[in-house]
Amino acid sequence: MERAIRTFIATIAALMLTACGIYSFSGTSIQADVNTINIDFFEYKAMKVNPTLANDLTEAIRTQFRKMTRLEQVEMDGDLQISGQIVGYDISPAAVTADEIAARNKLTISVKVDFENKKHPEDSFTGKSFSGFAEYDSTNSLDAVENTLCTEIIAIIVEDIFNATVAQW
């Protein structure tokens, strides 16, 4: 009987937390009056070219919001609007041997994001920088590991953008 009461209380508490529309178990804090989001295509402005990165990043962000929020994605005039550009795609040595040769290289992707919350403008920001990196053994060519590295880095950046916009971390 005591176990049934505890279960009932826990269920009621969970329903109350999600019913208010501000907190969810996905970690978002989207206000109840915010219903739509527009995620623009991220422009590619980095010097080194990766022809699929802008599309991959944009789609990963859209997928994250589709999976983790109740927001309807619209083509324009969303309550929330996200836009941005890829500003860096850089390879640098991560570890150097005694012979001054790179043993490991690091791929870093940097983006700048604009976020507008039309219903709650105090949450908006412009030109906020996000970046992620992944290392790889220098015996591999970038071409051989680029897709895997980009997938890892995109996941990091998407999580950071998501947290900054709707989880407000």
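Residues numbered from 1 in each chain as written. Predicted model: local features only at pLDDT ≥ 70, side-chain atom pairs only at ≥ 80, totals over all residues. Heavy atoms only, no water.

Trainee: Outline the overall build of the protein, listing residues and values.
Mentor: A count of helical and extended segments in the protein gives three helices and six strands. Along the protein, from the amino end to the carboxyl end, the secondary structure elements read α-β-β-α-β-β-β-β-α. Among the 169 residues that make up the protein, the fraction classed as buried is 37%. Taking the intrachain contacts of the protein between residues at least 6 apart in sequence as the baseline, contacts between residues at least 24 apart amount to 66%. With the model as given, the accessible surface of the protein reaches about 10,000 Å², and the carbon-plus-sulfur share is 55%. (Helix = DSSP H or I, 4+ residues; strand = E, 2+ residues; numbered from the N terminus. Buried < 20%, exposed > 50% of the residue type's maximum accessible area, 1.4 Å probe, protein only. Contact = heavy atoms within 4.5 Å. Areas by Shrake-Rupley, 256 points an atom, 1.4 Å probe, with all protein chains shown as cover.)

Trainee: Provide a residue-level description of the pairing of strand E5 (residues 102-117), including the pertinent values.
Mentor: A regular strand places its side chains so that they alternate between the two faces of the sheet. Pairing of strand E4 (residues 80-96) with E5 involves 15 bridges; the strand directions are antiparallel. Of the residues in E5, the one forming a bridge with isoleucine 86 is valine 111. Relative to strand E6 (residues 125-137), E5 is paired through 11 bridges, and the arrangement is antiparallel. Its bridge partner lying in E6, phenylalanine 115 is registered against phenylalanine 125. (Pairing = 2+ DSSP bridges.)

Trainee: Account for the environment of leucine 149, naming residues and giving values.
Mentor: Tracing the chain through its elements places leucine 149 in helix H3 (residues 142-167). Accessibility expressed as a relative area gives 4% for leucine 149, which makes it buried. Leucine 149 sits 13 residues away from tyrosine 136 along the chain, and the two C-alpha atoms are 8.1 Å apart.

Trainee: Which residues make up the nonpolar core, and what values do they have?
Mentor: Judged by nonpolar contacts, the single largest core of 37 residues is most densely connected at Leu57 and Phe65. Going through the elements one at a time, strand E1 (36-39), helix H2 (53-68), E4, E5, E6 and H3 are the ones with two or more residues in this core. For this core, the element with the most residues is H3, which contributes 12 residues. In this structure, phenylalanine 65 is in contact with Ile37, Ile39, Leu71, Gln73, Ile82, Phe162, Thr165 and Val166, ignoring residues within four places of it in sequence. (Core = buried A, V, L, I, M, F, W, Y, C linked by side-chain atoms within 4.5 Å.)

Trainee: Mind laying out the environment of threonine 139, listing which residues take part and the relevant values?
Mentor: Looking at where threonine 139 falls in the secondary structure, it is placed in the loop between E6 and H3. Accessibility expressed as a relative area gives 70% for threonine 139, which makes it exposed. C-alpha separation for the pair threonine 139 and alanine 103, spaced 36 residues apart in sequence, amounts to 7.7 Å. Reaching out from threonine 139, the side chain makes a polar contact with the side chain of aspartate 137 at a distance of 2.7 Å. (Polar contact = N/O pair within 3.5 Å; in protein donor to acceptor, adjacent residues only side chain to side chain.)

Trainee: Any details on the packing of aromatic side chains? Residues and values, ideally.
Mentor: Within this structure, the stated rule accounts for three aromatic pairs. Judged by centre distance (5.1 Å) and plane angle (65°), the rings of phenylalanine 65 and phenylalanine 162 are edge-to-face. Taken as a pair, phenylalanine 65 in helix H2 and phenylalanine 162 in helix H3 lie far apart in primary sequence, 97 residues in all. Residue phenylalanine 65 shares its accessibility class with phenylalanine 162, and that shared class is buried. (Phe/Tyr/Trp six-rings, centres within 6.5 Å; stacked < 30°, edge-to-face > 60°.)

Trainee: How would you sum up the confidence of the model for the protein? Please name residues and give values.
Mentor: Looking at the protein as a whole, the pLDDT averages 86, with 80% of positions reaching at least 70. The lowest-confidence element of the protein is helix H1 (residues 2-19), averaging 56 in pLDDT; the highest-confidence one is H2, averaging 97. Confidence drops under a pLDDT of 50 for residues 17-26, and excluding neighbours within four residues, the segment shows 14 contacts in the predicted structure. (pLDDT = per-residue confidence, 0-100.)

Trainee: Describe in detail the pattern of salt bridges, supporting the description with residues and values.
Mentor: Counted under the stated rule, the structure contains four salt bridges. Glutamate 43 is the salt-bridge partner of lysine 45, the closest N and O atoms lying 3.6 Å from each other. For lysine 45, a relative accessible area of 46% gives the class partly exposed. Taking the shortest distance from any N to any O, the salt bridge between glutamate 135 and arginine 104 comes out at 3.2 Å. Placement of the pair is glutamate 135 in strand E6 and arginine 104 in strand E5, with a sequence separation of 31 residues. (Salt bridge = Lys/Arg side-chain N within 4 Å of Asp/Glu carboxyl O.)

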